[in-house]
Amino acid sequence: MTATNARPEAGAGASSAVRSGRDLLALMLLPVPLVLAVLPAAFAGGGTRRWFGGRGGESQRAEAQAAKDAAAEAFYELDTAQRDLRISIETINAVDSSSRGRKASEDFAALGRRIDEVSHTYITAVDSHDLDRDDLEPAVASRARTELTRAKDDLVRVKGELDRFAQGLGPLLGSAETQLARLAPAVERARQALLAASNALDTVRAAGLRADELAARLAALAPELTKLNQGAGKHGVPETLQRADVVLRDAEAVRTEAERLPERAAEIDRRLVSLRTRAQALTTRAGSVEPVLSELRRRFSAACWQDLQPVPEQAAVNVRQAEDKLAEAAKAREEQRWADATSRLSTVRALLNTVDEAVSAAGDRLQQLNAVAKDPQQEIERTRFAVRDAQRLAMAGRHTPDPRHARPLDDSVARLERAIAGLEGRHPDYWHFLTETEAVRQTAARVVSDIREERGGGA
């Protein structure tokens, strides 16, 4: 290369040097803050790089950040568990007002205070250390890691306490959830029952039956329906469930009675006719008692018929009372006082039953006395057979009978012999003989029953 040729190159180098000098001078003339802002870029070659103690410093920062993340996760899990458990406690409080329910609420409040303490420690640790600072020192990062790890451990420990507490709430929570699950269906069933009862009453009234008593009972349920509509939030879950059950039961009773009312009215009408007919028939039958008594007086001793003397008069009195009650029942039916009508008819039936038994007793007495007067031996053999049957059973499988069984049977044999002896004479007391033989048979039957019960129990 020649000198001539070298000059332009030298001139070019000189020119470049001049430009660099100008740039440096311009830079020196800039304001100080702007210089500080530009210098890092100038020395970094267009990029940024943290000068943080080398690779060891970055490791400390990473460990601190990992501790922060782990603490944040523990905090989130504890917060979530507390929120879920709070819902469970509220569920229990809504249903269970017992000492166990109150203790669960108090224990949860105490746990809440411990949760607040460890949460405050965690938040303080997070706020105290900015792990994103460029000039974070390794010692500060190490201290941050230690505090955050301790906060995480405290959060995990309290979370364990919370989990164990939640497990212990299982029975209480299960019972509370069961009641809450029953609440809405129970209230709805009660409302539907009230509606069904109201509809049934409307149907009955359309048929011309007033059903005033049923309407009053249904109206008495209106305040209970109001309380049901106000909800468990005001009256409590157990009370609301109990109220719903009461309303359901009472409303269904009203509905059932309303649906049966037409049939009940028809049944009362049938009973009125039937009992009138029966009263007339018994009036006629009562007239036959006097001839029966006359024959008894003529043919048998006074002991055989004296107890039957009041039958004709008492029968007439009872029939008159029955007729009066029938008239009252008919009036109650006309006024649609169903309970009164039913009560009067029951009284009529009882009176007529008394008349029927008394009238029948007179005829039966004459028939029995005729039979025993004609052939007492049949009654004697019947009674002896009952005693012998009991004696055989008492001896079955034994060499000697049990005194508890033998004694009443021996007494019965003696009693029968005395009754037979009483038939001797001109005017025997046949009625006494019949009552004695009946008593002997009853004693034998009682012994048989006792033996079978004892042997059945031993088997």
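Residues numbered from 1 in each chain as written. Predicted model: local features only at pLDDT ≥ 70, side-chain atom pairs only at ≥ 80, totals over all residues. Heavy atoms only, no water.

A separate point is the overall build of the chain. What the chain contains, in helices and strands, is 16 helices and 0 strands. In the chain, once contacts between residues fewer than 6 apart in sequence are set aside, the share between residues at least 24 apart is 78%. (Helix = DSSP H or I, 4+ residues; strand = E, 2+ residues; numbered from the N terminus. Contact = heavy atoms within 4.5 Å.)

Summed over the entire model, instances satisfying the criterion amount to 33 salt bridges. When the shortest N-O distance is used, the salt bridge between Asp 107 and Lys 103 registers 2.8 Å. Taken together, the residues span about one helical turn, with Asp 107 and Lys 103 both in helix H4 (residues 99–128) at a distance of 4 residues. By relative accessible area, Asp 107 is classed as partly exposed at 30%. The exposure class of Lys 103 is partly exposed, given its relative accessible area of 49%. (Salt bridge = Lys/Arg side-chain N within 4 Å of Asp/Glu carboxyl O. Buried < 20%, exposed > 50% of the residue type's maximum accessible area, 1.4 Å probe, protein only.)

All right, on to the nonpolar core then. In terms of nonpolar packing, the biggest core is built from 90 residues, with Leu 169, Leu 201 and Leu 296 touching the most fellow members. The leading source of residues in this core is helix H10 (residues 237–286), at 16 residues. Residues in contact with Leu 169, not counting those within four places in the same chain, are Leu 85, Ile 89, Ile 92 and Ala 104. (Core = buried A, V, L, I, M, F, W, Y, C linked by side-chain atoms within 4.5 Å.)

Scanning all chains against the criterion turns up 2 aromatic pairs. Here the aromatic rings of Phe 75 and Tyr 122 are separated by 4.9 Å at their centres, their planes lie at 25°, and the arrangement is stacked. Of this pair, Phe 75 sits in helix H3 (residues 54–95) while Tyr 122 sits in helix H4, and the two are 47 residues apart along the sequence. Using a relative accessible area of 10% as the deciding quantity, one classes Tyr 122 as buried. Taking the centre distance of 6.2 Å and the plane angle of 85° together, the rings of Phe 300 and Tyr 430 count as edge-to-face. On the criterion of sequence distance, the pair formed by Phe 300 in the loop between helix H11 (289–299) and helix H12 (311–334) and Tyr 430 in helix H16 (residues 430–458) is long-range, its members being 130 residues apart. Classification of Phe 300 by relative accessible area gives buried; the value is 8%. Sitting over the ring of Trp 305, Arg 297 keeps its end group 5.9 Å from the ring centre. Directly above the aromatic system of Trp 431 lies the positively charged group of Arg 365, at a separation of 3.7 Å from the ring centroid. (Phe/Tyr/Trp six-rings, centres within 6.5 Å; stacked < 30°, edge-to-face > 60°. Lys NZ or Arg CZ within 6 Å of the ring centre and 35° of its normal.)

Here the focus is H12. The end-to-end C-alpha separation of H12 is 34 Å, in line with the 34 Å expected for 24 residues at 1.5 Å each. Within the span of H12, buried status applies to Val 311, Pro 312, Ala 315, Asn 318, Val 319, Ala 322, Leu 326, Ala 329, Ala 332 and Arg 333. Taken from the residues just after H12, Gln 336 is the one with a positive phi, measuring 60°. (Expected span 1.5 Å × (residues − 1).)

So, on to the confidence of the model for the chain. Confidence in the prediction of the chain, expressed as mean pLDDT, is 82, and 86% of residues score 70 or more. Between the elements of the chain, mean pLDDT differs from a low of 35, seen in helix H2 (residues 32–44), to a high of 94, seen in H12. Within the model, pLDDT remains below 50 along residues 1–54, and this stretch shows 15 contacts once partners closer than five positions in the same chain are excluded. (pLDDT = per-residue confidence, 0-100.)

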